[in-house]
Amino acid sequence: MNSELNLNKLIRGFIIHSVHEPARTAHVNELLQQWPGIERIEAIYPAQQKIPFLQKIQDAALQRTGKILTHGEIGVLLTNRLIWKKILMTPVPDDFPFLILESDSLMLQPQLLQTHFYALAGTCDLFYFGGWLGHIQLFRSSRKKWAKQFWVGEPYINTLCSGYGYAVNKKAAALMLQRTKQVGYAFDEVRRYMKQDELHLGAIVSEWITQKPGESAIGNRPVFFISDKIWRMVLDIRNYFICWFK
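Here's what I pulled together on the structure shown here. (Residues numbered from 1 in each chain as written. Predicted model: local features only at pLDDT ≥ 70, side-chain atom pairs only at ≥ 80, totals over all residues. Heavy atoms only, no water.)

**Considerations on the pairing of strand β2 (residues 38-42)**
Across five bridges, strand β1 (residues 13-17) lies against β2 in parallel orientation. Looking at β2, one finds that H17 is bridged to E42. In this region the chain leaves β1, passes through helix α1 (residues 25-34) and returns to the parallel neighbour β2; the handedness of that crossover is right-handed. (Pairing = 2+ DSSP bridges. Helix = DSSP H or I, 4+ residues; strand = E, 2+ residues; numbered from the N terminus. Right-handed = clockwise from strand over helix to strand, strands pointing away.)

**Re the packing of aromatic side chains**
Summed over the entire model, instances satisfying the criterion amount to 14 aromatic pairs. With a centroid separation of 5.9 Å and an interplanar angle of 45 degrees, the aromatic rings of W84 and F187 are classed as tilted. Of this pair, W84 sits in helix α3 (residues 71-89) while F187 sits in the loop between α5 (170-179) and β9 (201-205), and the two are 103 residues apart along the sequence. The exposure class assigned to F187 is buried, which follows from its relative accessible area of 8%. Taking the centre distance of 5.6 Å and the plane angle of 80 degrees together, the rings of F150 and W208 count as edge-to-face. Here F150, found in strand β7 (residues 150-153), pairs with W208, found in the loop between β9 and β10 (209-211); they are 58 residues apart in sequence, far enough to count as distant. By relative accessible area, W208 is classed as buried at 0%. Aromatic rings pair up to connect F14, F96, F98, F117, Y118, F127, F129, F150 and W208 into one cluster. (Phe/Tyr/Trp six-rings, centres within 6.5 Å; stacked < 30°, edge-to-face > 60°. Buried < 20%, exposed > 50% of the residue type's maximum accessible area, 1.4 Å probe, protein only.)

**Here's the deal with the nonpolar core**
One finds L99, L113, L126, F129 and V168 to be the most contacted residues of the largest nonpolar core, which totals 69 residues. At six residues, α3 tops the list of elements feeding residues into this core. Non-local contacts of V168, meaning those with residues more than four positions away in its chain, are made with W84, I87, F96, P97, F98, I100, D125, L126, A173 and M176. (Core = buried A, V, L, I, M, F, W, Y, C linked by side-chain atoms within 4.5 Å. Contact = heavy atoms within 4.5 Å.)

**Remarks on the state of the cysteines**
Using the criterion set out here, one finds zero disulfides in the structure. There is no disulfide at C243, and the cysteine sulfur nearest it, in C161, is 15 Å away. Taking relative accessible area as the criterion, C243 reaches 3% and is therefore assigned buried. (Disulfide = S-S within 2.5 Å.)

**Concerning helix α2 (residues 54-65)**
Taking 1.5 Å per residue, 12 residues should reach 16 Å; α2 reaches 17 Å between its end C-alpha atoms and fits that length. Those residues of α2 not exposed but buried are L54, I57, Q58, A60, A61 and T65. Seen from one end, α2 has its buried residues packed into an arc of 165 degrees, which puts them on one side. Turned more than 90 degrees off the buried face of α2, the exposed positions are K56 and Q63. Those residues of α2 hidden inside the fold are in contact with α3. Where α2 ends, the next residue or the one after it, G66, has phi of about 80 degrees, a positive value. (Expected span 1.5 Å × (residues − 1). Arc of directions from axis to C-beta.)

Everything listed here is a matter of geometry and, on its own, says nothing about what the molecule does.
Okay, here's the thing in structure tokens:
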């Protein structure tokens, strides 16, 4: 990576926030002050603004996937697509990483993130500093210790979820733009849009960025016959064995 574009380790990126989220404004402003390379992006809110062909988008997604996307899920996908387009227009090398945050992103390890961001994200096309509320799992063969108490490596793509703390370069942005031209699944269902080996994937566990407790702005997904906690526990066990043998 061109060291001149490193900007003395200034982390560049975007944080998604909306005027319709006044309760999060103070938190977002604090993050913007702490991370001067981060740019605020106004979130697309289908429930609050006119989105052309919104009903057709929902109907097409239902037909393709059998799932109904909420207005919030469509807004998140469209907003991330806007960010990916901005990244592709930015005059930086193709491997330059941008950090993407959401209005409820919470920095758990700000000092480590500032120190190690480029060493980690700069070696991958898509890197997760947090996701799926800490349930991301790494392939055992790829894991290595980082900063004494953390593990970094290639994540199992089925465990990649959420958009509150990921880094993306131009290669990944271009691929995700291409794959999401037709709205189908929610943005955070990465496994639906690409295969394990299409991009150089990376993640760190336990997570350095998480999600602040509180009500989701995306909307509630359908409730299943068992609780999220039990379902995640079942998935964690399955994914653990999958990652152990890879």
